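# Fold and geometry: a report
Read off the chains here:
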Amino acid sequence: MALHKTRIRNDGRNKPNMVRWSVDGKEFSKGFTHMSLANSHFAKIQTAIEDPRERWNPKTGEPYSWYVSSEIDVATFCRSYVAREWDTYEPSSAASLVETLGALIEAAVLERAAPFDPKWRPILRAWLRPNDDVQLPSPLNQWIKRCSLLI
């Protein structure tokens, strides 16, 4: 991820103030009518770059969070999905769903996330089941809050 300074083009364009940046080697730019708008956009991109949880849309070059209406982590989403769909599954399929979503929660983490402790797997699976009143232990709860991707 690279961000380039704003610059002014003197070629008579309607939006002469440019902000340029790159995502995964692909260049993006956006023109603005006023330098203050360009500086504001520059600052928004710079802030997004500094957030390690931020994910970038390779087509637009902008952070996905700019278009997200809610911030929910993968684990919380999986638990709400299981609660919503639980009655539609046969028992063996429901068990497979919980096991699969548990693996998804383990995998859908930040790049530099702390490792998932394998001892947490049975607790996580019990927590995913809708009729169990399982409280996550503090280390697992903190791991989810710090390491789970937002969707």
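Before reading on, note that the structure itself is shown above.
Reference entry: report on the structure contained in this document. This structure is a prediction, so every number in the text was calculated from the model and none was measured.

Even without glycine at this site, D24 takes up a positive phi of about 50 degrees. As for its position among the elements, D24 is in the loop between β2 (17-23) and β3 (26-32). D24 sits in the exposed class, given a relative accessible area of 75%.

One pass over the full model with this rule turns up 4 salt bridges. A salt bridge links E85 to R84; the shortest N-O distance between them is 3.8 Å. Overall, E85 belongs to the partly exposed group, its relative accessible area being 22%.

Now for the pairing of β3. Sheet analysis places β2 next to β3, joined by 7 bridges and oriented antiparallel. Paired with S22 across the two strands is E27, which belongs to β3.

Side chains of nonpolar character tend, in soluble globular proteins, to be buried together. I105, L124, L128, L140, W143 and I144 are the most contacted members of the largest nonpolar core, which totals 23 residues. If you list the elements that add at least two residues to this core, you get α2 (74-85), α3 (91-107), α4 (121-128) and α5 (138-147). If we skip the residues at most four places from it in the chain, L128 touches C78, R79, V82, V98, L101, G102 and I105. V19, W21, F32 and I45 belong to the second largest nonpolar core, which has 10 residues in total.

Time to look at the state of the cysteines. Throughout the structure, instances matching the rule amount to 0 disulfides. Residue C78 stays outside any disulfide, its sulfur separated by 15 Å from that of C147, the closest cysteine. Here C78 falls in the buried class, since its relative accessible area comes to 1%.

The computed volume of the largest pocket comes to approximately 410 Å³. Lining the largest pocket are 17 residues; nearest its centre among them are D51, P52, E54, R55 and E111. For the lining of the largest pocket, the secondary structure elements donating two or more residues are α1 (35-50) and α5.

Two numbers describe a pair of aromatic rings. These are the distance of the centres and the angle of the planes. Taken as a whole and assessed by the stated rule, the structure comprises 5 aromatic pairs. Measuring from centroid to centroid gives 5.0 Å for F116 and W143, while their planes differ by 70 degrees, and the two rings are edge-to-face. With F116 in the loop between α3 and α4 and W143 in helix α5, this pair connects stretches of sequence that are 27 residues apart. Look at F116 and you get buried, because its relative accessible area is 13%. Accessibility expressed as a relative area gives 2% for W143, which makes it buried. Taking the centre distance of 6.2 Å and the plane angle of 55 degrees together, the rings of W120 and W143 count as tilted.

Calculation criteria
Residues numbered from 1 in each chain as written. Predicted model: local features only at pLDDT ≥ 70, side-chain atom pairs only at ≥ 80, totals over all residues. Heavy atoms only, no water. Helix = DSSP H or I, 4+ residues; strand = E, 2+ residues; numbered from the N terminus. Buried < 20%, exposed > 50% of the residue type's maximum accessible area, 1.4 Å probe, protein only. Salt bridge = Lys/Arg side-chain N within 4 Å of Asp/Glu carboxyl O. Pairing = 2+ DSSP bridges. Core = buried A, V, L, I, M, F, W, Y, C linked by side-chain atoms within 4.5 Å. Contact = heavy atoms within 4.5 Å. Disulfide = S-S within 2.5 Å. 1 Å grid on protein atoms, 1.4 Å probe; cavity = no way out; pocket = protein on both sides within 12 Å on 5 of 7 lines; lining within 4 Å. Points joined across faces, edges and corners; volume = space filled by probe spheres on them. Phe/Tyr/Trp six-rings, centres within 6.5 Å; stacked < 30°, edge-to-face > 60°.

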